[in-house]
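Descriptive analysis of the structure
For reference, the chains in residue letters:
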Amino acid sequence: MAHTAASVTDTGVEQLAIDAVRVLSMDAVQRAESGHPGTPMALAPLGYLLWTRHMRHDPSAPEWPDRDRFVLSCGHASMLLYSMLYLSGYDLSLEDIKEFRQWGSRTPGHPEYGHTPGVETTTGPLGQGLANAVGFALAERHLAAEFNRDGHAIVDHHTWFIASDGDMMEGISHEAASYAGHLQLGRLIGFYDDNNITIEGNTDLTFSDDTLGRFESYGWHVQTVADVNDLVSLEAAIEAARAETERPSLIIVRTEIGFGSPNRQGTAKAHGEALGVEEVRLTKQNLGYPSQEPFFVAPEALALWRQARVRGEAQRADWQRRWDAYAAAYPELAAELDRRLRGDLAEGWDADIPVFNAQNGNIASRAASGAVLNAIAPRLPELTGGSADLAGSTNTLIKDEPSLLPGQLGGRNMHFGIREHGMGAVMNGMSLHGGIIPYGATFLIFSDYMRPAIRLAALMHQRVIYVFTHDSIGLGEDGPTHQPIEQLSALRAIPNLLVIRPADASETAEAWRTALSTTGGPVALVLTRQKLALIDRSSHGAASGLARGAYVLAESDGGTPQVTLISSGSEVAIMLDARRRLADRGVRARVVSMPCHELFARQDEAYQAEVLPTGVPRVAMEAAHPMSWYRWVAGNGVVIGLDRFGASAPYQKIYEELGLTAEAVVEAAVGLTKAHP
């Protein structure tokens, strides 16, 4: 039987304020004829209590640096967030609420960072938001350890999240929660919306975890609240969580999905579809709501919500006074923190990037990357990261810097453990928080494990750097389980992601320069295990051409090229060899290094035609699936790649057996020149 408003502890204006969230949520979903009304209706009391009494936030300044961060991990419940943003006074109007899920609206179906004021991260793919929250909380503690001084706690805020049954089922929640508990992130407070409902029905179809025991085993402080409508118990649990500083906190809150709906409450029918016009009417009647008018908010309820803005302005003003005192006492620290929060790079940050030569440059690109990283790191202290238990193989440790460990959260060398998906999403949270440029490393093959987080970093245009080593069959004896084939094409298909695969140590240095100069999205550096010969630049194009995605590395001798050879990474050396062999056969060949397809695609048509002349046939080669190369060959050439898995053997033998050879390039090029004399 449906509960009524009378079962809630508080009554009067406070109850109207809570029910305003329920009404706005079901009205918006009904108007859109799609969405998820049930969870916002259930969580309305929690949202009200958190946003009006406990969160430090100022709706008039959504980017105030020391605000609390809020993450709605169950992003399908977006109307909960939009309702709270509107009611508390963010730059989101009632008209925006009415345009829920419509083209061009500020209230899309799932919350999108950068699209709606007050939305801290893009959520919807379940589990991602929880892991982002871990990244937010970690960034806060890391910056606090670095910048706070006695009497000057200038970085001092909490991260809050709400997670659903679905979030708890996703594997990433295990990875991220385990990591947060290990690091003792005491400023992280989460709520588990325990409503026992998923789209297919009751959670007992698939889910019987002891969530309380699970999080306690991770090292979390765990409490339960039997009824979300019991504001007294809920408030007491929140206060206890705030008082716990050594462990992250989870409050398990029992709710009923679709609260107030006479015929849908507590059922899967309230989850992912509009209630229906008649059920909306009955629900408002059941709640005792004062109006049947769609999107009606009682003025006294709105006034109560808007007190959050007054409270937030006072909190921000207090922080500003503390910041001014901090800046007066520690002007250099204040200037440094301000620079990092703006996202500006320090002047001269790239001054120490090494210049590679014959003595130090005949190395694997992973080794060159490690040298560049360690040259940059002293000038860019915000560059913080590590690997998924592969630091020695990915060359991603910063020398002479401490590890980031429990009780030592100011360290720069992170140890994510074997948690690739969690690593990717935690890095997103760190980047979104601000003040940190995170990087994370693993083998390219395991990019698949973190792909959803990479996609969201790209969607949110976040400055995140991935270091993917062991980039091809060139890793050799580890065999096909560790040899990436389809990963490069798959990553190149993600909008806003730069995928850079350098051909030698000099290009690797430029790859890092480009990655750190990029602010519009994440960058993946794709690096070799095997050694690469340093290209002699005295007679070839400068590696700085990498910044434009592709450039002429070696021009044809004796006139206009008859064929253009294009490649990236370790196969560029094969193309240079093929060019020499073609010259011996009287065929003029140009070699183009194309380390980054995405950057080249951004160049104007004139530059693209300058590098890849129209009408000149092309041969492209890469030790990967050929899919992403057909764009550049465009029916006027041949792509040599791999449409099969690799093998376990020395890498030279694998290249030979699978036809990735200079001889194969020569044969293809000669055939093309005969067809296009």
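Residues numbered from 1 in each chain as written. Predicted model: local features only at pLDDT ≥ 70, side-chain atom pairs only at ≥ 80, totals over all residues. Heavy atoms only, no water.

Looking only at helices and strands, the protein chain features 24 helices and 18 strands. Taking 677 residues into account, the globule formula puts the C-alpha radius of gyration at 26 Å, and the protein chain, at 28 Å, falls close to it. Counting only C-alpha atoms, the protein chain reaches 90 × 60 × 45 Å along its principal axes. Within the protein chain, buried positions represent 62% of all 677 residues. Put simply, of all contacts in the protein chain between residues at least 6 apart along the chain, 77% involve residues at least 24 apart. When the accessible area of the protein chain is evaluated, it comes to approximately 24,500 Å², of which 50% is carbon and sulfur surface. For the protein chain, the separation between the mean place of its 56 positive charges and that of its 81 negative charges on side chains is 5 Å. (Helix = DSSP H or I, 4+ residues; strand = E, 2+ residues; numbered from the N terminus. Rg over C-alpha atoms; globule rule 2.2 N^0.38 Å. Buried < 20%, exposed > 50% of the residue type's maximum accessible area, 1.4 Å probe, protein only. Contact = heavy atoms within 4.5 Å. Areas by Shrake-Rupley, 256 points an atom, 1.4 Å probe, with all protein chains shown as cover. Lys, Arg positive; Asp, Glu negative; His and termini not counted. Charge placed at Lys NZ, Arg CZ, Asp CG, Glu CD.)

Turning next to the pattern of salt bridges. Applying the stated criterion to the full structure yields 42 salt bridges. Aspartate 27 serves as the salt-bridge partner of lysine 284, at 3.0 Å between the closest nitrogen and oxygen. With a gap of 257 residues between them, lysine 284 in helix α10 (residues 277–287) and aspartate 27 in helix α1 (residues 13–32) connect regions that are remote in the sequence. The exposure classification of lysine 284 matches that of aspartate 27, with both residues buried. Of the charged contacts, one joins arginine 590 and glutamate 555 as a salt bridge, the two residues approaching to 2.7 Å between their closest N and O atoms. Note that arginine 590 is positioned in strand β16 (residues 589–593) and glutamate 555 in the loop between β14 (551–554) and β15 (563–567), a separation of 35 residues in sequence. With a relative accessible area of 35%, glutamate 555 lands in the partly exposed category. The network of salt bridges with shared partners includes Glu146, Glu336, Arg339, Arg340 and Glu382. (Salt bridge = Lys/Arg side-chain N within 4 Å of Asp/Glu carboxyl O.)

With 11 of 11 residues buried, helix α3 (residues 78–88) is to be regarded as a mostly interior element. Of the residues making up α3, those classed as buried are Ser78, Met79, Leu80, Leu81, Tyr82, Ser83, Met84, Leu85, Tyr86, Leu87 and Ser88. Where α3 is buried, its residues contact α1, α2 (38–54), β1 (69–72), α4 (94–98), β2 (159–163) and α11 (299–329). Of the residues flanking the end of α3, it is glycine 89, one or two places downstream, whose phi is positive at about 105°.

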